[in-house]
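Now for the letters of each chain:
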Amino acid sequence: MPFMSIRLIVKHPDSVLRERAQEVTKFNANLHKLLDDMADTMYDADGVGLAAPQVGILKRVIVVDVGDEHELIELVNPEIVSAEGEQLGPEGCLSIPGLQGDVRRANRIVIRGQDRNGNPIQYESTEFLSRAFQHEVDHLNGVLFIDTAESVYEARKHDEQERDED
Ligand code: NI
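Given the structure is predicted, the values throughout are model-derived calculations rather than measurements.

## Some words on the overall build of the protein
Scanning the protein from N- to C-terminus turns up four helices and eight strands. Ordered by position in the sequence, the α and β elements of the protein form the string α-β-β-β-β-β-β-β-α-α-β-α. Each principal axis of the C-alpha distribution contributes one length, and for the protein these read about 45 × 40 × 35 Å. Split into buried and exposed, the 166 residues of the protein put 42% on the buried side. Entry remark: accessible area of the protein is about 9,100 Å², with carbon and sulfur atoms responsible for 47%. Put simply, the protein has 17 plus and 32 minus side-chain charges, and the middle of one group is 6 Å from the middle of the other.

## As for the pairing of strand S5 (residues 99-105)
Note that strand S4 (residues 87-91) and S5 share five bridges and pair antiparallel. The residue bridging Gly-89 from the neighbouring strand is Val-103, located in S5. Here S5 pairs with strand S8 (residues 151-154) via four bridges, running antiparallel. Among the inter-strand pairings, Gln-100 is bridged to a residue of S8, identified as Tyr-153.

## Here we look at the coordination of the nickel ion
The coordination sphere of the nickel ion, as far as protein atoms go, consists of Cys-93 (SG), His-135 (NE2) and His-139 (NE2), spread over 2.1 to 2.3 Å. Look at where the donors of the nickel ion fall in the sequence and you get C-x41-H-x3-H. Pair noted here: Cys-93 is in the loop between S4 and S5 and His-135 is in helix H2 (residues 127-140), with a separation of 42 residues, a long-range link. This pair shows no difference in class: Cys-93 is buried, exactly as His-135 is.

## Let's talk about the side chain of Gln-134
Topologically, Gln-134 is positioned in helix H2. Gln-134 sits in the buried class, given a relative accessible area of 9%. Reaching out from Gln-134, the side chain makes a polar contact with the backbone oxygen of Ala-106 at a distance of 2.9 Å. Here the side chain of Gln-134 touches Ser-130 through a polar contact of 2.9 Å, side chain to side chain.

About the cut-offs
Residues numbered from 1 in each chain as written. Predicted model: local features only at pLDDT ≥ 70, side-chain atom pairs only at ≥ 80, totals over all residues. Heavy atoms only, no water. Helix = DSSP H or I, 4+ residues; strand = E, 2+ residues; numbered from the N terminus. Buried < 20%, exposed > 50% of the residue type's maximum accessible area, 1.4 Å probe, protein only. Areas by Shrake-Rupley, 256 points an atom, 1.4 Å probe, with all protein chains shown as cover. Lys, Arg positive; Asp, Glu negative; His and termini not counted. Charge placed at Lys NZ, Arg CZ, Asp CG, Glu CD. Pairing = 2+ DSSP bridges. Donors = N, O, S within 2.8 Å, 3.2 Å for Na, K, Ca; no water. Polar contact = N/O pair within 3.5 Å; in protein donor to acceptor, adjacent residues only side chain to side chain.

This is the structure in structure tokens:
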């Protein structure tokens, strides 16, 4: 990827993370560049999802890749249109390094939005992908996992984890 660009990830408690992001109305080169950069930034940081406010852009844009068959998902103006069931599990956030929390989420959701060209798209998801979507949509509304977590605790560092697994 010759023109990869990694954007700076905004960290809690920056107030931009607490704003409501605005609907996207123009599906133009700026949006495509934002989506490309968000994916580069997410992969560079070893994340599974990123919302535009996390790179300081208050637009309703998310990228998710939980390592399943979907690979990279780009969603513009995402909206959760149905939610059922329940799951409780750990979450972290690239904007809140060092912390994790156990968050209760819907298990199955249907999420609708648009692709980078404005075409309608929809995903039905469960479990981890569903959790990632819900986490990223929360970001568009200024909500962080530490707001809704039932418990928040220190994340084990990557290298510590690897050392333990040796
Ligand atoms: Ni996050």
